[in-house]
Amino acid sequence: MTRRAAILGTGSALPRRRVSNAELAETVDTSDEWIVERTGIHFRHIAGEGETTSTLATAACRSALDAAGMDSSAIDLIILATATPDQTFPASATRVQTALGIDDCVAFDVQAVCSGFLYALSVAESMIRAGSATNALVIGSETFSRILDWEDRGTCVLFGDGAGAVVLGADESGRGVLSTRLHADGRHNELLYVDGGPSTTGTVGKLRMKGREVFRHAVVNLANVMREAVEGAGLAMSDVDWVVPHQANARILDATARKLGLPAERVVMTVDQHANTSAASVPLALDTAVRDGRIARGDVIVLEAMGGGFTWGASVVRF
Ligand code: UT7
């Protein structure tokens, strides 16, 4: 029997405050019409007082553990993907650990911006397959609202806050992660970055993006990496039941699906409700489609994302 890492449960959490495009247009020079036409976004959630990356992550983990029917004491690994940690250090994963009442386990953060969840999933999956972990919480959680320039209409309307998590456990039933492909190309740092940091300006900084160029790279890179991952699993695109993409822009999702000949109704789309939640977007979309019954046990799903760096990746999972 092959030991794989299977998704035993999913969960997510959103800040209480939901903000419409119309509400944003009261303070930013934009319109509901522009945002919907260019991005497909209608709403985003924005963290309020007391809501942080680790509190959202903890809530997402609680719901994933519940779905898996597992007590937090069974967890021996926590990997939190985020570009907006509560503090520069310690890792927000250790705050989640404490909030869940886990006295001892491996806990650390992974930083690959919007691809962070794919990177975290790959590390956790490798550790489980190697036998150095048994049950992991893999989380994507972000509070991008706190690194946005609210005077830059080209970026501030695109992002939202939230968290998603999965319980990943050793399994020999044939389910689990079948293949993963990850990439990074640092030559494109300047197309999507934050203009601050502890070792440069000593400040947190604000997000900057050349949206049109990121868009162009995203469609090509995502289509290629999905093909690589599906081939790596020994499958064909026609075997894929669901694509769960990073939710940056409805037009990127449509263009990528068209490039691969995938029917649009097989692509999970939540960008309309959540906007771009960076590392949280894939597990948030996954949890949404599991809970509404679209994704069922045994389905072949492809998770994919691309973000700052650039970093990008895809993972094929028998759910
Ligand atoms: O998660 C990481 C990956 N990120 C992405 O994948 C984002 C990829 N990029 C995109 O999604 C799109 O490029 C955007 C949604 C960011 C922008 O769409 P676009 O069709 O590429 O528009 P643009 O940036 O070329 O701007 C078109 C026009 C400009 O006006 P002019 O110069 O043509 O007069 C902008 O100033 O739209 C204007 N504009 C806006 N107008 C109203 C830009 N932002 C806004 C806004 N409201 N919020």
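Residues numbered from 1 in each chain as written. Predicted model: local features only at pLDDT ≥ 70, side-chain atom pairs only at ≥ 80, totals over all residues. Heavy atoms only, no water.

Student: Give a description of the nonpolar core that names residues and reports values.
Tutor: Met226, Val230, Met237, Val302, Met306 and Val316 are the most contacted members of the largest nonpolar core, which has 48 residues in total. Every element with two or more residues in this core is listed here: α7 (211–232), α8 (250–260), β12 (300–307) and β13 (311–318). Looking at this core element by element, the count peaks at nine residues for α7. Setting aside anything within four residues of it in sequence, one finds Met306 in contact with Cys114, Ser115, Val214, His217, Ala218, Asn221, Leu222, His246, Thr311 and Trp312. Within the second largest apolar cluster, 32 residues are counted, among which are Val110, Val177, Trp242 and Val317. (Core = buried A, V, L, I, M, F, W, Y, C linked by side-chain atoms within 4.5 Å. Buried < 20%, exposed > 50% of the residue type's maximum accessible area, 1.4 Å probe, protein only. Helix = DSSP H or I, 4+ residues; strand = E, 2+ residues; numbered from the N terminus. Contact = heavy atoms within 4.5 Å.)

Student: So, the sheet that holds strand β8 (residues 176–184): which residues are in play, and what are the values?
Tutor: The mixed open sheet is built from four strands, whose spatial order is β8-β13-β12-β11. The open sheet is flanked by β8 and β11 (242–245), the only strands paired with a single partner. Put simply, the sheet's adjacent strands are angled 15 degrees from each other on average, direction ignored. Pairing of β11 with β12 involves four bridges; the strand directions are parallel. Across the sheet, residue Val244 finds its bridge partner in β12, namely Leu303. (Pairing = 2+ DSSP bridges. Axes fitted to C-alpha atoms, helices over the stretch in contact; angles between N-to-C directions.)

Student: An account of the site of the ligand is requested, with residue identities and associated values reported.
Tutor: Lining the immediate environment of the ligand, one finds 23 residues, of which Thr30, Arg38, Arg212, Asn249 and Asn276 sit closest. In this structure, Arg38 approaches the ligand through a side-chain N or O atom, which is 2.8 Å from an oxygen atom. Side-chain polar atom of Asn249 to an oxygen atom of the ligand: 2.6 Å apart, as the coordinates give it. Calculation on the ligand without its partners gives an accessible area of 960 Å², and the protein chains cover 74% of this total. When residues of the shell around the ligand are traced back to their parent elements, those giving at least two are α2 (32–39), α6 (153–156), α7 and α8. Per-element accounting of the shell around the ligand gives the leading share, four residues, to α7. Within the shell around the ligand, the residues separate by chemical class into eleven nonpolar, seven polar and five charged. (Near = heavy atom within 4 Å. Polar contact = N/O pair within 3.5 Å; in protein donor to acceptor, adjacent residues only side chain to side chain. Areas by Shrake-Rupley, 256 points an atom, 1.4 Å probe, with all protein chains shown as cover. Nonpolar A, V, L, I, M, F, W, Y, C, P; charged D, E, K, R; others polar.)

Student: For unusual backbone geometry, give the residues involved together with the corresponding values.
Tutor: Pro90 follows Phe89 through a cis peptide bond whose omega is 5 degrees. The omega angle of the peptide bond from Gly309 to Phe310 is -10 degrees, so this bond is cis rather than trans. Structurally, Phe310 can be placed in the loop between β12 and β13. For Val113, which is not glycine, the phi torsion reads 50 degrees and is therefore positive. Positive phi values are uncommon outside glycine, yet Ser278 reaches one of about 55 degrees. Mapped onto the fold, Ser278 is located in the loop between α9 (271–274) and α10 (281–291).

Student: Hey, could you go over the side chain of Asn135 for me, with residue numbers and the actual values?
Tutor: Summarising the element assignment, Asn135 is placed in strand β6 (residues 135–143). In this structure the side chain of Asn135 is engaged in a polar contact, spanning 3.3 Å, whose partner is the backbone oxygen of Ala74. Not counting chain neighbours up to four residues away, the residues in contact with Asn135 comprise Leu8, Met70, Ala74, Ile75, Asp76, Leu77, Leu168, Gly169 and Ala170.

Student: Which residues make up the pattern of salt bridges, and what values do they have?
Tutor: In this structure the tally under the stated criterion is eleven salt bridges. Ionic pairing is found between Glu125 and Arg129, a salt bridge with its closest N-O pair at 2.6 Å. With Glu125 and Arg129 both in helix α5 (residues 116–130) and four residues apart, the pair spans about one turn of that helix. Classification of Glu125 by relative accessible area gives buried; the value is 6%. Taken together, the salt bridges that share partners define one network made up of Asp149, Asp195 and Arg208. (Salt bridge = Lys/Arg side-chain N within 4 Å of Asp/Glu carboxyl O.)

Student: Mind laying out empty space enclosed by the protein, listing which residues take part and the relevant values?
Tutor: Empty space among the atoms becomes visible once a probe the size of a water molecule is rolled across them. Here the structure, examined in full by the defined rule, presents one cavity of 30 Å³ or more. Computed from the structure, the largest cavity encloses a volume of approximately 40 Å³. Forming the walls of the largest cavity are Met226, Val243, Leu253, Thr256, Ala257, Leu262, Val267 and Glu304. Here the lining of the largest cavity gets three residues from one element, more than from any other, and that element is α8. (1 Å grid on protein atoms, 1.4 Å probe; cavity = no way out; pocket = protein on both sides within 12 Å on 5 of 7 lines; lining within 4 Å. Points joined across faces, edges and corners; volume = space filled by probe spheres on them.)

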